[in-house]
Every structure is written in structure tokens, then in C-alpha cells.
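The residues making up each chain are set out below.
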Amino acid sequence: MLPASYIYKKQPYAINLIIQARNKSKTHWAKLRRKNTPKYKAMDHFDEFYGSVFGTNWQAMKDALLRRSKYVALVNNYGDAEETSEYLAKRGAHCLKQLLSIQEQFNNQYTPDVEKQQSSEPKSSTSKLEQYVDKVQSTDISSVYSECESPQKLELSDISLYDKKGLGIAQDDSIQSSEHQHFSADSRVIDPTMGISSDHLYQYIPTTKLKGMDEWVPESLHYSYYSKGKDFPLLIEPETEFTFPEHLKVFTYEMDSDWIMFPEPKRCTTGVFNYYPMDCGSVLSVLALCLSAGDRLLDMCSAPGGKALVALQTLLPDIIVCNDSSISRVNRLERIFNDYLFDYKTSNKWRERILVSRKDGRTLQDDLGFDKVLVDVPCTTDRHTVNEDENNIFRPDRIRERLRLPELQAQLLVAALRLVRVGGAVVYSTCSLSPVQNDGVVHMGLKMAFEDHNVVATVKDLSGCFTRFSSTLQLASGECAPKYGQLVLPSLSANFGPAYVARLVRIK
Ligand SMILES: C[S@@+](CC[C@H](N)C(=O)[O-])C[C@H]1O[C@@H](n2cnc3c(N)ncnc32)[C@H](O)[C@@H]1O
């Protein structure tokens, strides 16, 4: 048989073209096959779903999701904290607390109130901010107070569950695929009075409806099912307690400088690591708890322990219950605590303060009532999902688990609302952009807590508090912004997130 190179040389030009085209099409098929793996399926799904939720902003968010993510450095107070802070500052990183203070002074002096509420361009304010930073002499950190408006009462009918903005429910029937039309025709599942037409609604499907539909079933079907029943009063009021904890030290590089990497953490003289690299969105979830000295904190889905570590670094809570249903992930949490908390394995002090539990969060019980509960739920973990095939929630064998996520998330949130004392706070967080898993679950959790357990909580609007982060990260604003929580958007200038954070305070 003649070698291919020989054939190419000796065949007439036209035949060569045919052979090349055939080879090209072979490559094409191979590529096609590769592009059918879970991460590509996830991206296809997000393209359709998030494309309609975030509109033209989605492409930039998608580009950022596919790029290297940015980290902040959480300084370990149980290591050589001052030395570590100096080391990070020398490398050009900024202390987040000081940045917030500067941003706040800037907001107060330079931004008119109306602009404050409407600002959606962190970049433009950053350039003004940079000028302002030059002027700032004092970096003294005073308490940070919120500048929110008066409370706002919301009835069920106002809620974004049924509009395009809130849940990505398209009003336009034209985008329905035939599969989805087929599904919407099932009036047992979809309430026609809700005007629901798009598959975006289909993020929520009871598993009983899934049999045999694994390949084509849209994300969920079933929001209306959980939204039926009587209306319930829902109060959104501005957060006023928000302060940056005195002892929490977080370092970050400026926006547009995410090519700078923090070096590998090093062991301190005490044997623990000097800092923990993490997503800034995770820091926000803990800040939203508004921890106070002596708090009893439950971290309901705690492993591998990043947010629990932030809570510990505030030096505020007396007791942290770190719970997670996954034994292997709890083992990871223990290893991280051992790496970051001096004498973790041997000291009784830690045994009294950190209680590790391996239960399903929905079954936890506590007679005293926690002061604060963090529910950092399992979710579609969007960044991981579009970058890694391993352990991907879009794997065909995980479809049931994926479609049941909002149901599980809402149940975990209800459990949290029951476990927190009256007057205490629950922070619900995800690392997903999905309005269903974010505002949708918060809404459903509040409704279920009220209807099934007579528990009432208000939503604390963190938008006023979080505007201070606008020189550090990109928050969803305007049309894209959730109603109940704050959403950190992946962006090339500050590639954190996604992270959704909602704060609820139990009033009954
Ligand atoms: C997003 S991760 C938590 C990350 C963690 N908070 C951190 O900051 O490192 C979600 C966790 O929820 C756990 N989980 C899933 N279902 C659970 C359940 N029913 N009860 C408790 N934990 C659960 C998973 O094992 C996973 O570790």
C-alpha cells in the first residue's frame, strides 16, 4: 500500500481535494463526539437559559467562566498574620477592608443618591475611585453603615417568579422547542394560567415525572407546583447591621489585574498555612451573616470548609457546627482545619468550639436555636460545570440529582429557617447564576416555611451594603439583578463567582 504522502503528491489536484475534505470531515466528527461531554452539554444548556436571562451580558460572563478564575487571600490569624499581611501587601495586593472603606468614602462624597442605586458600571466608578484613592490620606477603618432605603412590602404577585427577569421565563412563545410544547401541554404539571411558556421554567420537576425522559427533558417543569396555594406576606427591608469584622483580613488584587496570581501558601512558624486562596463570593456569604461576638453558628453544608474558615477567621463565633452529609468531603474539611487551625487535632479548645457533624441538613435538630445559619447549598456549580467533565452534574447518570436540586435546596433552606432562633439570620448561597436556584428557591423556602411550619422571615436587602464592593467585583444590577439576593457575576475584569447571597432574618 502506498504511503499517504505519496498519494497526495501523485494524485491530480481534484482528487487531493476530495481526500482532504474527507479527512477534514473525519476530524470534524471526532471533534463533534468530544463536544458531547457533560461540560459541553452544560454550556449548551446555559447558553439557552442564561442567554435569555442575562441577554447580551451573557457572552462576556461566559467568556469569563471559561477563563482562569480570580482568588482573594484569606489571611490565617492562627499563623503569622501580620507577617503574611505585609508579604501580600508587598506583592501589590490590597486589604479588602481598606478598599471598602475607601469605596464608601468615595460613594458618600462623589456619587449622588440616584446614581448609587442605578450604577451598573463598576469600571467607570473605579477610574474615579482611583483618583479618589490618591487623595485619601487616612486608611483608618471605621464601622460601615448601610445606606438603604425604607422597607418595601412585596406581595406574591410582585414576585419575579413569573416574569422574564426573575426566572428567565420567556414571555415569547417563539423560543419554545417542540419538546417543550409537548411538555407544557401536560396541564397536570403546568398551570396554564401562569402563562408559562419557556423551558426555563422547567428547572424544577418532581422526580416522579422523569421516568423515561432522561435524554430530552428540559431542566425543570414544575415551578408552579410549588407556587400554588395561598399568598403569603413577604417583606424586603434594607440591611443595617452590616460591618466588616475587625479581625478578618482578606487581600485582593485590583480589578483588571487578575493575571496576577497569589503564590502557593506557605507554612508559618506554627506549622499552619499562612493564607487560604478562595473566591471573593465565598467571603461575601460569610459577611452577609453579620456575625457578632459569641454567636452560635450552624454551617449546614460546610465541606470542604472554606466559608467556615472565613467565619473562624473573624474570631467572632463561640461555636460553629460544621455539618455536611458527605463523609469524604467532611474528611477534606478536617484536613483543611488541620492545615489552618493551630493544634486542631490535639487541642480541646477546638473540640469545644467546632462541632463536626455528618448528617443530612434536613434532619438536623437543635433546641436552643442558632444565632446564624449558613446554607451554602449543593447547586449546579456553574464554573466547575463548564470546565470539568469529572464529577459533572450534567452527566447523564446525574440527571435526576440535577433536576431535584431546587427541591433539595428549598428543603435545606426551610430546615435552616426552623433551626435559627427568632431574631437570628439565615444566609442562603449558591455558586450558580440560575434564577431558579437563587431567588426562586428563596421564595419557595420562605413560602414552605410559612405554610408548613408557621415560620416567618424577612428578606434583608444587601444591595446598599454590597455597593462598596463595586471596585472589587462585578455585581448583577438593573434587569439582571435578583430581587432577594446579590449576585456576583463572572467578569474578565474581576473573575470571581458566580455567587448568589441572600440574607433572611427570622421574625416569627
Ligand atoms: C457548595 S458545597 C459547600 C461548600 C462549603 N460551604 C465551603 O464553603 O467549602 C455544598 C455541600 O453540600 C453538601 N450536601 C449535599 N446535600 C446535603 C444535605 N442534604 N445535607 C447536608 N449537606 C449536603 C455537599 O456534600 C457539599 O459539600
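Read on for an overview of the structure. (Residues numbered from 1 in each chain as written. Predicted model: local features only at pLDDT ≥ 70, side-chain atom pairs only at ≥ 80, totals over all residues.)

A closer look at the nonpolar core
Note the cut-off: To count as a nonpolar core, a set of buried Ala, Val, Leu, Ile, Met, Phe, Trp, Tyr and Cys residues must be joined through C-beta atoms within 7 Å. Backbone-placed C-beta atoms define the burial measure: a residue is buried with 20 or more other C-beta atoms within 10 Å of its own, exposed with 12 or fewer, and partly exposed in between. Any pair of residues counts as being in contact when their C-beta atoms, constructed from backbone geometry, are within 7 Å of one another.
Judged by nonpolar contacts, the single largest core of 114 residues is most densely connected at V373, V375, L413, A416 and V426. Apart from the residues within four sequence positions on either side, A416 is in contact with M300, V373, V375 and V426.

Focus on the site of the ligand
What counts, and what does not: As a rule, any residue with its backbone-derived C-beta atom within 6 Å of a molecule or strand is reported as near that molecule or strand. Nonpolar residues are Ala, Val, Leu, Ile, Met, Phe, Trp, Tyr, Cys and Pro. Charged residues are Asp, Glu, Lys and Arg, and all others, Gly as well, are polar.
Surrounding the ligand, one finds 19 residues, the nearest of these being C301, K307, S326, G361 and D376. Across the shell around the ligand, the residue classes tally to five nonpolar, eight polar and six charged.

Brief notes about the pairing of strand β1 (residues 72-75)
The condition is simple: Helix and strand assignments follow DSSP, with helices taken as H or I runs no shorter than four residues and strands as E runs no shorter than two, numbered in order from the N terminus. For two strands to be treated as a pair, DSSP must find at least two bridges joining them.
Burial along β1 is two-sided: V72 and L74 facing one way and A73 and V75 facing the other are all buried. Here four bridges tie β1 to strand β6 (residues 275-278), and the two strands are oriented antiparallel to one another. The residue bridging A73 from the neighbouring strand is P277, located in β6. Pairing of β1 with strand β5 (residues 250-252), which is carried by two bridges, proceeds in the antiparallel orientation.

With respect to the packing of helix α18 (residues 405-419) against helix α19 (residues 436-453)
Each pair of packed helices gets described by two things: the angle between the helix axes and the distance between those axes. Just so we agree on the cut-off: Axes, fitted as lines to C-alpha atoms, cover a helix only where it is in contact. Angles between the N-to-C directions of the axes lie from 0 to 180 degrees. By definition in this entry, angles of less than 35 degrees are roughly parallel, angles greater than 145 are roughly antiparallel, angles of 65 to 115 are roughly perpendicular, and the rest are oblique. Should the near helix be turned anticlockwise from the far one by less than a right angle, the crossing is termed left-handed; should it be turned clockwise, right-handed.
Between α18 and α19, the shortest axis-to-axis distance is 8 Å and the interhelical angle comes to 50°. On the basis of their axis angle, the class for α18 and α19 is oblique. Read as a crossing pair, α18 and α19 show a hand that is right-handed. Here L405, P406, Q409, A410, L413, V414, L417 and R418 of α18 lie close against α19, whose contacting residues are V436, Q437, G440, V441, V442, M444, G445, M448, A449 and H453. Tallied by class, residues from the contact of α18 with α19 come to twelve nonpolar, five polar and one charged.

Digging into the pairing of strand β7 (residues 296-299)
Just so we agree on the cut-off: Place the viewer so that the strands point away; then a crossover is right-handed whenever the path from the first strand over the helix to the second strand goes clockwise.
Side-chain alternation along β7 places R296 and L298 on one buried face and L297 and D299 on a second face that is also buried. In this fold, the crossover linking β7 to strand β8 (residues 319-323) by way of helix α13 (residues 306-313) has right-handed handedness. As judged from the three bridges shared by β7 and strand β10 (residues 370-376), these two strands associate in the parallel manner. In the strand pairing of β10, D299 is matched with L374.

Points about the sheet that holds β6
Across the sheet, which stays open at both edges, the four strands sit in the order β2-β5-β1-β6 with antiparallel pairing between neighbours. Since the sheet does not close on itself, it has two edges, and those belong to β2 (94-95) and β6, each with one partner.

A look at the environment of L475
Tracing the sequence through the fold places L475 in the loop between α20 (463-466) and β13 (486-488). Measuring from C-alpha to C-alpha, the distance between L475 and S463 comes to 9.2 Å, with twelve residues separating the pair along the chain. Setting aside chain neighbours within four positions, we find L475 in contact with F466, F469, S470, Q486, L487, V488 and L489.

Re unusual backbone geometry
Peptide bonds are, in most cases, trans, and in most cases residues other than glycine have a negative phi. Here A303 and P304 are connected by a cis peptide whose omega angle stands at 5°. Along the chain, P304 falls in the loop between β7 and α13. Here the residue pair G497 and P498 is connected by a cis peptide bond, since its omega of 0° sits within 30 degrees of zero. Following the sequence through the fold, P498 ends up in the loop between β13 and β14 (499-506). Of note in the backbone geometry, L315 takes a positive phi value of approximately 60° without being a glycine. Note that L315 resides in the loop between α13 and β8.

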